[in-house]
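Below are the chains, spelled out letter by letter.
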Amino acid sequence: MKLLILDRDGVINQDSDAYIKSLDEWIPIPGSIEAIAQLSKAGWTVAVATNQSGIARGYYDLATLDAMHAQLRRLVAEQGGEVGLIVYCPHGPDEGCACRKPKPGMLTAIATHYNVNLAGVWFVGDSKGDLEAALAVDAQPILVKTGKGEKTLSKGIPEKTLIFDDLAAIARELIHK
Ligand SMILES: O=P(O)(O)OC[C@@H](O)[C@H]1O[C@@H](OP(=O)(O)O)[C@@H](O)[C@@H](O)[C@@H]1O
Ligand SMILES: [Mg+2]
Ligand SMILES: [Zn+2]
């Protein structure tokens, strides 16, 4: 199966150092909704793996998080596409969970859900932890320059990382490859 896994904040929607705490703050990056819809219509399964420590920090609740993801699904459906499994880590950095990136727990959960091997599967992120999570399960790390991507790039990234301007550029590459 053609599986693409996306980080959320900084890849699908704008990110903020103050966290994305409400539906109003959840603003799609230009071209990202269309990219997901086009990929979906081209036969790709698009899943999401997102750290959401704002839950543990008390900045927003699960109902708000679910509303953001319902909005994502609605916007993509309006373009004729669909979003696959969305997995999130609600834990804080000090809880020692297995799902918070750079740990690969969310990626392995997605692989188990779809019964696929993650080797070479593209995982698109804007932070170093995203790239490290990909490498931990032999997936292909992909960095976008949106969100924290430019900052991540400036600090140095794993050698095998592929770099794209944004999710729209990734869709163009994968659909027309
Ligand atoms: O990029 P994804 O994984 O979708 O989500 C990132 C968010 O959960 C937040 O992650 C936080 O990191 P800490 O969780 O505080 O280390 C900060 O980087 C915030 O700016 C960011 O909004
Ligand atoms: Mg991110
Ligand atoms: Zn977790």
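Residues numbered from 1 in each chain as written. Chains lettered and ligands numbered in written order. Predicted model: local features only at pLDDT ≥ 70, side-chain atom pairs only at ≥ 80, totals over all residues. Heavy atoms only, no water.

**Some thoughts on the UniProt feature "site: Contributes to substrate recognition" (unreviewed entry) in the protein chain**
Consideration 1: In this structure's numbering, the residues bearing the UniProt feature "site: Contributes to substrate recognition" (unreviewed entry) are Arg100.
Consideration 2: When you line up the elements, Arg100 lands in the loop between strand E3 (86-89) and helix H4 (105-114). (UniProt positions renumbered as here; feature names shortened; annotations may be inferred. Helix = DSSP H or I, 4+ residues; strand = E, 2+ residues; numbered from the N terminus.)

**A look at the site of ligand 1**
Consideration 1: Taken together, the neighbourhood of ligand 1 is formed by 16 residues, with Asp15, Tyr19, Thr50, Asn51 and Arg100 sitting nearest.
Consideration 2: Note that an oxygen atom of ligand 1 is positioned 2.6 Å from one of the side-chain N or O atoms of Arg100.
Consideration 3: Considering ligand 1 on its own, with 500 Å² of exposed area, one finds that the protein chains cover 84% of that surface.
Consideration 4: More than half of the atoms of ligand 1 fall within 2 Å of the grid points belonging to the largest pocket.
Consideration 5: For the shell around ligand 1, the class distribution of residues is one nonpolar, five polar and ten charged. (Near = heavy atom within 4 Å. Polar contact = N/O pair within 3.5 Å; in protein donor to acceptor, adjacent residues only side chain to side chain. Areas by Shrake-Rupley, 256 points an atom, 1.4 Å probe, with all protein chains shown as cover. 1 Å grid on protein atoms, 1.4 Å probe; cavity = no way out; pocket = protein on both sides within 12 Å on 5 of 7 lines; lining within 4 Å. Sits in = over half its atoms within 2 Å of the grid points. Nonpolar A, V, L, I, M, F, W, Y, C, P; charged D, E, K, R; others polar.)

**Side note on helix H7 (residues 167-175)**
Consideration 1: Those residues of H7 that fall on the buried side of the exposure criterion are Leu167, Ala168, Ala169, Ile170, Ala171 and Leu174.
Consideration 2: Residues of H7 that are buried make contact with strand E1 (2-6), helix H1 (32-41), strand E2 (44-51), strand E4 (122-125), strand E5 (140-144) and strand E6 (162-164). (Buried < 20%, exposed > 50% of the residue type's maximum accessible area, 1.4 Å probe, protein only. Contact = heavy atoms within 4.5 Å.)

**Focus: the coordination of the zinc ion (ligand 3)**
Consideration 1: Here the zinc ion (ligand 3) is held by Cys89 (SG), His91 (ND1), Cys97 (SG) and Cys99 (SG), and the distances to it run 2.0 to 2.3 Å.
Consideration 2: For the zinc ion (ligand 3), the four donor atoms are set out with angles of 103 to 117° between them, so the coordination reads as tetrahedral.
Consideration 3: All donors of the zinc ion (ligand 3) come from a single chain, and their spacing in sequence reads C-x1-H-x5-C-x1-C.
Consideration 4: Residue Cys97 is classed as buried on the basis of its relative accessible area of 14%. (Donors = N, O, S within 2.8 Å, 3.2 Å for Na, K, Ca; no water. Tetrahedral: all angles 85-135°; square planar, octahedral: opposite > 155°, others 65-115°.)

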